[in-house]
Every structure is written in structure tokens, then in C-alpha cells.
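Reading the structure
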Amino acid sequence: MRRSLDAADEGELVRRIARGDRRAFDELYRRTAPWLEIRLRRRCADPDMVADVLQETYLAVWRAAAGFAGKEVQGSAVGWLWTIAAHRLVDAFRRRARQARVPQAALLETAAPAAEDEVMAARIGQDLEQALMTLTPEVRQVLRATVLDGFSVREASVLLGIPENTVKTRVRRARIALREALS
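Here the residue numbers are simple positions, counted from 1 along each chain's written sequence. Totals for whole chains, interfaces and linings use every residue, but because this is a predicted model, local features are given only for residues with pLDDT of at least 70 and side-chain atom pairs only at 80 or more, for both listing and counting. As a convention, hydrogens and water are excluded, and side-chain values are obtained from all of the structure's heavy atoms.

1. A few points about the packing of helix α8 (residues 153–160) against helix α9 (residues 164–182)
Running from amino to carboxyl end, α8 crosses α9 at an angle of 105 degrees, the nearest separation of the two axes being 8 Å. Taken together, the axes of α8 and α9 lie roughly perpendicular to each other. Contacts between α8 and α9 involve Val153, Arg154, Ala156 and Ser157 from the first element and Glu164, Val167 and Lys168 from the second. The axes are straight lines fitted to the C-alpha atoms, using for helices just the contacting stretch, and the angles between their N-to-C directions are given from 0 to 180°. Each helix is a run of H or I in the DSSP string that is no shorter than four residues. Each strand is a run of E no shorter than two, and both are numbered from the N terminus. In this scheme, roughly parallel covers angles under 35 degrees and roughly antiparallel covers those over 145, while 65 to 115 is roughly perpendicular and the rest are oblique. We call two residues in contact when some of their heavy atoms are within 4.5 Å.

Listed below in C-alpha cells is the structure:
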């Protein structure tokens, strides 16, 4: 059995996982986890978050293997695996951001910010929010993936399912539109 797993490519392993083959899952993990961990660590410096994302990714692979194996998919099983991991990483960043927004009880008395600082921060925030709302949803989506989530053009292309040149064009349009709206 081991020899046949060694000869199987990742796509075949995913098809076997879809049928409930635990050994195929172990083999896929053995082959791809080190590579996937390195890619995730390039995007996230928190080792705990990377470990959580890896675990969530392989759990999703176990649960969703039939979805990949049951249809003709354009792309490789490794690309599919990376897409799952990228989505899980974005979700983890979003969870962290939501948790960071929960107000913490102040332990020490702090000096109140100057009224001018509060007014300017609110004004800049409102202007930026209004400028972002003028962008089309597609452009905002690309901007979110490349700027907020920190994905490269290639990764954003895979994540959003659009060509790389389209990602580049939309990022450029967003920058021009924001520059005009904020100036």
C-alpha cells in the first residue's frame, strides 16, 4: 500500500481522501505541510496563528476532498490546498482584528488626546471611508486582498479567480481614484 501512495500524485491522494483513506491523508500531509508552513510563515510572523491555520486547512481538506475530487478542477491539488490555506489565513487575520477592536479596560489613567488630533483623525477617517465607497466592489475587493491582507498580485489572482493583469489594473485604478478623492 505504501508503494502505491508514493507513486500517487497529490490529486490522486485527494481523491483517495474523498473516499475516506486515512493513509492518503497522512501522505498528503507529509508531502505538503512543510511547504505550506513555510508559505504561511512568509505572510504571518505569529507561529501560533500559522499552526492554527495549518490545522484548519487540513481539517478543511479532509471535509472537502469530495468537492475537489468529484469534479474536473482547473488547477492542481496543491493549488487548491494553498487556496484553502490562504482563505484560512485571511479569516485568522480578520478574527484577530475583531478581537483587537474589543475595547480593553484602561488600567492606567491616560491623558486625553488633544481636541485637534481627534478632529483631524475623524476627518481623515471619514474622507478615506468616503473615497473607498466610490470604488467599485471589484476594485475594493482587489485592494483589500493586496493591501489589507498583504497578498501578492499572483496570490490575489488565485484567491479572487481573476487574471494577474486584472489585479494589477484594479490596484492602479484604486490608487488613482483614492489619490484624486483625498487630494
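There's more to say after this.
2. Considering the nonpolar core
Counting residues in hydrophobic clusters, the biggest one holds 38 residues, and the most contacted among them are Val14, Ile17, Leu36, Leu40, Tyr58 and Val61. Elements with a minimum of two residues in this core: α2 (10–18), α3 (22–43), α4 (47–69), α5 (77–101), α7 (137–148) and α9. By residue number, the principal contributor to this core is α5, which donates ten residues. Non-local contacts of Tyr58, meaning those with residues more than four positions away in its chain, are made with Phe25, Tyr29, Thr32, Ala33, Leu36 and Leu81. Nonpolar cores were defined as sets of buried Ala, Val, Leu, Ile, Met, Phe, Trp, Tyr and Cys residues, with membership established by side-chain atoms within 4.5 Å. Think of it in three bands: residues with accessible area under 20% of the maximum for their type are buried, residues over 50% are exposed, and the middle band is partly exposed, with areas taken using a 1.4 Å probe on protein chains only. Ranked by size, the runner-up nonpolar core spans six residues in total, among them Ala131, Val139, Leu143 and Leu178.

3. With respect to the pattern of salt bridges
Any Lys or Arg side-chain nitrogen found within 4 Å of a carboxyl oxygen on Asp or Glu counts as a salt bridge. Summed over all chains, the structure comprises 13 salt bridges. With its nearest N and O atoms 3.3 Å apart, the salt bridge here joins Arg22 to Asp26. A residue pair is termed a helical-turn pair when its members lie 3 or 4 positions apart in one helix, as Arg22 and Asp26 do in helix α3 at four residues. Asp46 is paired through a salt bridge with Arg96; the nearest N and O atoms lie 2.3 Å apart. Residue Asp46 is found in the loop between α3 and α4, and its partner Arg96 is found in helix α5; the two are separated by 50 residues along the sequence. Put simply, Glu10, Glu27, Arg30 and Arg31 are held in one network by salt bridges that share partners.

4. Things to note about the side chain of Asp21
Here Asp21 shows up in the loop between α2 and α3. Here the positive residues are Lys and Arg and the negative ones are Asp and Glu; neither His nor the chain ends is included. Buried within the structure, Asp21 lacks any salt-bridge partner; Arg16 is the closest side chain of opposite charge, at an N-O distance of 4.8 Å. Whenever two N or O atoms come within 3.5 Å, that pair is a polar contact, provided that in protein one can donate a hydrogen and the other can accept it, and provided that, for residues adjacent in sequence, both atoms are side-chain atoms. In this structure the side chain of Asp21 is engaged in a polar contact, spanning 3.1 Å, whose partner is the backbone nitrogen of Ala24.

5. Comments concerning the packing of aromatic side chains
By convention, a stacked pair of Phe, Tyr or Trp rings (six-membered ring in the case of Trp) has centres within 6.5 Å and planes under 30 degrees apart, an edge-to-face pair has planes over 60 apart, and any other such pair is tilted. Evaluated as defined, the whole model comprises four aromatic pairs. Here the aromatic rings of Tyr29 and Tyr58 are separated by 4.8 Å at their centres, their planes lie at 70 degrees, and the arrangement is edge-to-face. Placement of Tyr29 in helix α3 and of Tyr58 in helix α4 is noted, with a sequence separation of 29 residues between them. Put simply, the rings of Phe25, Tyr29, Tyr58 and Trp62 touch in pairs and so form one group of aromatic residues. The rule is short: NZ of Lys or CZ of Arg within 6 Å of the ring centre and within 35 degrees of the ring normal puts a charge over the ring. Taking the ring centre of Trp82 as reference, the NZ or CZ of Arg39 above it sits at 4.1 Å.

6. Notes on the confidence of the model for the protein chain
Looking at the protein chain, pLDDT values average 81 and 79% of them are 70 or higher. Element-level pLDDT for the protein chain is lowest in helix α6 (residues 115–134), with a mean of 62, against a maximum mean of 92 in α3. Summary of the metric used: pLDDT quantifies the predictor's per-residue confidence within the range 0 to 100.

7. Regarding α2
The complete set of buried residues in α2 reads Gly11, Leu13, Val14, Arg16 and Ile17. Note on α2: the residue one or two positions beyond its end, Gly20, has a positive phi of about 90 degrees.

8. Digging into the packing of α7 against α8
Two numbers describe how α7 lies on α8: the axes approach to 9 Å, and their chain directions differ by 130 degrees. Here α8 runs oblique to α7, going by the angle between their axes. As α7 packs across α8, the resulting crossing turns out to be right-handed. Touching Gln141, Val142, Ala145 and Thr146 of α7 are Ala156, Leu159 and Leu160, all from α8. Asp, Glu, Lys and Arg are counted as charged, while Ala, Val, Leu, Ile, Met, Phe, Trp, Tyr, Cys and Pro are counted as nonpolar; the rest, among them Gly, fall into the polar class. A breakdown of the residues in the contact of α7 with α8 according to their chemical character gives five nonpolar, two polar and no charged. We call a crossing left-handed when the near helix sits turned anticlockwise from the far one by less than a right angle, and right-handed when that turn is clockwise.

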